[in-house]
Amino acid sequence: MGYWFKVLLGTVAAASVLVTGLLIVSRLSSEPSLGRKLVLALGIARPAVIAHRGASYLAPEETRPAYLLARELGADYLEVDIQRTKDGVLIALHDDDLSRTTNVADVFPGREKDTVNTFTFAELQQLDAGSWFNRQASDRARDSFRGLRILRLEDLIDIAETGSHRPGLYIETKAALRFPGIEQQLVTTLTARGWIGHIESAGPARVIFQSFKPESLARFKILAPEVPRLLLIDEVMLSEAGWESLLKTASEIGMGIGTWGYRWAFGPQWSVKDAPTRYVMTWPRYTGQAHRAGVFVHSWTIDDRWEMWMVTLNGVDGIFTNRAELAMVAYSRSEPIDLDKLWSRIGY
Ligand code: G3P
Ligand code: CA
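This report concerns the structure included in the present document. Bear in mind the structure is a predicted one, so any value in this text is a computation, not a measurement. (Residues numbered from 1 in each chain as written. Chains lettered and ligands numbered in written order. Predicted model: local features only at pLDDT ≥ 70, side-chain atom pairs only at ≥ 80, totals over all residues. Heavy atoms only, no water.)

## As for empty space enclosed by the protein
1) Next: Enumeration over the complete set of coordinates arrives at 2 cavities of 30 Å³ or more.
2) Next: Put simply, the largest cavity is a space of about 70 Å³.
3) Next: Looking at the largest cavity, the residues that line it are E61, E62, T63, A92, L93, T101, A129, W132 and I150.
4) Next: Grouping the amino acids of the lining of the largest cavity by side-chain chemistry returns 5 nonpolar, 2 polar and 2 charged. (1 Å grid on protein atoms, 1.4 Å probe; cavity = no way out; pocket = protein on both sides within 12 Å on 5 of 7 lines; lining within 4 Å. Points joined across faces, edges and corners; volume = space filled by probe spheres on them. Nonpolar A, V, L, I, M, F, W, Y, C, P; charged D, E, K, R; others polar.)

Okay, here's the thing in structure tokens:
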């Protein structure tokens, strides 16, 4: 055996021992039992697999096939960003405007950067919300994505109520301040559909509300106190308010906190200066503290297998992921998945 090969072998062995040690310390210090008790009491799977904008790695985000696929994969929750049209229809859309995910520039020239609340639902129904995906992700493109329509909340509820699994809904109030009264409208709609307000029949935690805006969650707390709420946090909030204060807010007005995960640590914007805030938010220091404060932790957006394992070792109670198809296998919730079979079952 050559000298350099031995050096390499020794280095790998030492690194493995170090990583294993860190994982064990991490596991022991994160007090996962407290988080487990909390989410068990709420009836939330642990680790929860939250299909972020649906199965959005494989299909155009927040469209019918993305949610149908996530449902058939067995994801615990379908994540959705809810906004409202000019004529009051609740719809699923992430961005403020329609320019990234539709052909608005062709259909309504000059209105590309107008916010979605300036469009009627009938206008939105003229847009193609699927072809952009085929151009951007040509390796995952499908003819059936062409001409997909923007979904209403009611359509999403229909999707969640049929098929092989019954996922919950993880609903974000997007730009909550631009849509006064949206919390009441959501609660009214979900109550009318039997998703909240009749806990015995609906089952616990079928709905979780999430927002970056504490004031939106505070309104949900008054309107539907039994429904879990999660405060999403980002770097700006962290630098302005600080972790302790955000955790206190999450504890007072919510039941969960949504920290960001590992992915950004290695993204194009990574820098050593930012590493402490970009990298560590799922670490046991934070998850343990959250659990001690009676708050569960769902982290976003976790798309690699190693990240999935790492964050759960750190005590995180669930993940928002674009890759529900990976998460279900990584967490041993599913046998290897036959995607062709699922596509054919949902008709796309
Ligand atoms: O909703 C969970 C988290 O991903 C929030 O970020 O921008 O994807 O809604 P965004
Ligand atoms: Ca969201």
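The discussion continues.
## So, the coordination of the calcium ion (ligand 2)
1) Next: Note on the calcium ion (ligand 2): its protein donors are E79 (OE), D81 (OD) and E172 (OE). The metal-donor distances range over 2.2 to 2.3 Å.
2) Next: Sequence positions of the residues that donate to the calcium ion (ligand 2) give the spacing E-x1-D-x90-E. Summarising the burial analysis for this pair, E79 and D81 share the class buried. (Donors = N, O, S within 2.8 Å, 3.2 Å for Na, K, Ca; no water. Buried < 20%, exposed > 50% of the residue type's maximum accessible area, 1.4 Å probe, protein only.)

## Some points on the site of ligand 1
1) Next: As a matter of local geometry, ligand 1 sits amid 13 residues, with H52, R53, E79, H94 and K174 nearest to it.
2) Next: Within the side chain of D81, one N or O atom sits 3.4 Å away from an oxygen atom of ligand 1.
3) Next: When isolated, ligand 1 has an accessible area of 280 Å², and the protein chains bury 91% of it.
4) Next: Considering only residue class, the shell around ligand 1 consists of 4 nonpolar, 4 polar and 5 charged. (Near = heavy atom within 4 Å. Polar contact = N/O pair within 3.5 Å; in protein donor to acceptor, adjacent residues only side chain to side chain. Areas by Shrake-Rupley, 256 points an atom, 1.4 Å probe, with all protein chains shown as cover.)

## What to know about the packing of helix α8 (residues 182–192) against helix α10 (residues 214–223)
Between two packed helices, the angle of one axis relative to the other and the distance separating the axes together describe the packing.
1) Next: As a packed pair, α8 and α10 sit with axes 9 Å apart at the nearest point and diverge in direction by 40 degrees. The orientation of α8 relative to α10 falls into the category oblique. In terms of crossing hand, the pair formed by α8 and α10 is right-handed. Where α8 approaches α10, its residues E183, Q184, L186 and V187 are matched on the opposing element by S216, R219, F220 and L223. (Axes fitted to C-alpha atoms, helices over the stretch in contact; angles between N-to-C directions. Helix = DSSP H or I, 4+ residues; strand = E, 2+ residues; numbered from the N terminus. Parallel < 35°, antiparallel > 145°, perpendicular 65-115°, else oblique. Left-handed = near helix turned anticlockwise from the far one by under 90°. Contact = heavy atoms within 4.5 Å.)

## Considering the pairing of strand β8 (residues 296–299)
1) Next: Residues F296 and H298 of β8 are buried on one face, and the alternating residues V297 and S299, pointing to the opposite face, are buried as well.
2) Next: Where strand β7 (residues 256–258) lies against β8, 2 bridges are found, and the strand directions are parallel. Among the inter-strand pairings, G256 is bridged to a residue of β8, identified as F296.
3) Next: Handedness of the β-α-β unit built from β8, helix α15 (residues 305–313) and strand β9 (residues 318–321) comes out right-handed. (Pairing = 2+ DSSP bridges. Right-handed = clockwise from strand over helix to strand, strands pointing away.)

## Considerations on the environment of M237
1) Next: Within the secondary structure, M237 sits in helix α11 (residues 235–241).
2) Next: For M237, a relative accessible area of 15% corresponds to the buried category.
3) Next: The contact partners of M237, leaving out residues within four places of it in the chain, are F212, L231, L232, G242 and L246.

## A few points about the pairing of strand β2 (residues 77–84)
1) Next: Extensive coverage of β2 is indicated by the burial of 8 of its 8 residues.
2) Next: Side chains of β2 alternate between two faces, with Y77, E79, D81 and Q83 and L78, V80, I82 and R84 buried alike.
3) Next: Here 2 bridges tie strand β1 (residues 48–51) to β2, and the two strands are oriented parallel to one another. Pairing of A51 across the sheet is with L78, part of β2.

## Some words on the side chain of S216
1) Next: Structurally, the position occupied by S216 is in helix α10.
2) Next: With relative accessibility at 0%, the residue S216 sits in the buried group.
3) Next: Only 2.9 Å separates the side chain of S216 from the side chain of T173, close enough to count as a polar contact.

## Some remarks on α10
1) Next: Those residues of α10 not exposed but buried are S216, L217 and F220. All buried residues of α10 fall inside an arc of 95 degrees around its axis, so they share one side.
2) Next: Buried residues in α10 make contact with β4 (168–173), α8, β5 (207–211), β6 (229–232) and α12 (243–253). (Arc of directions from axis to C-beta.)

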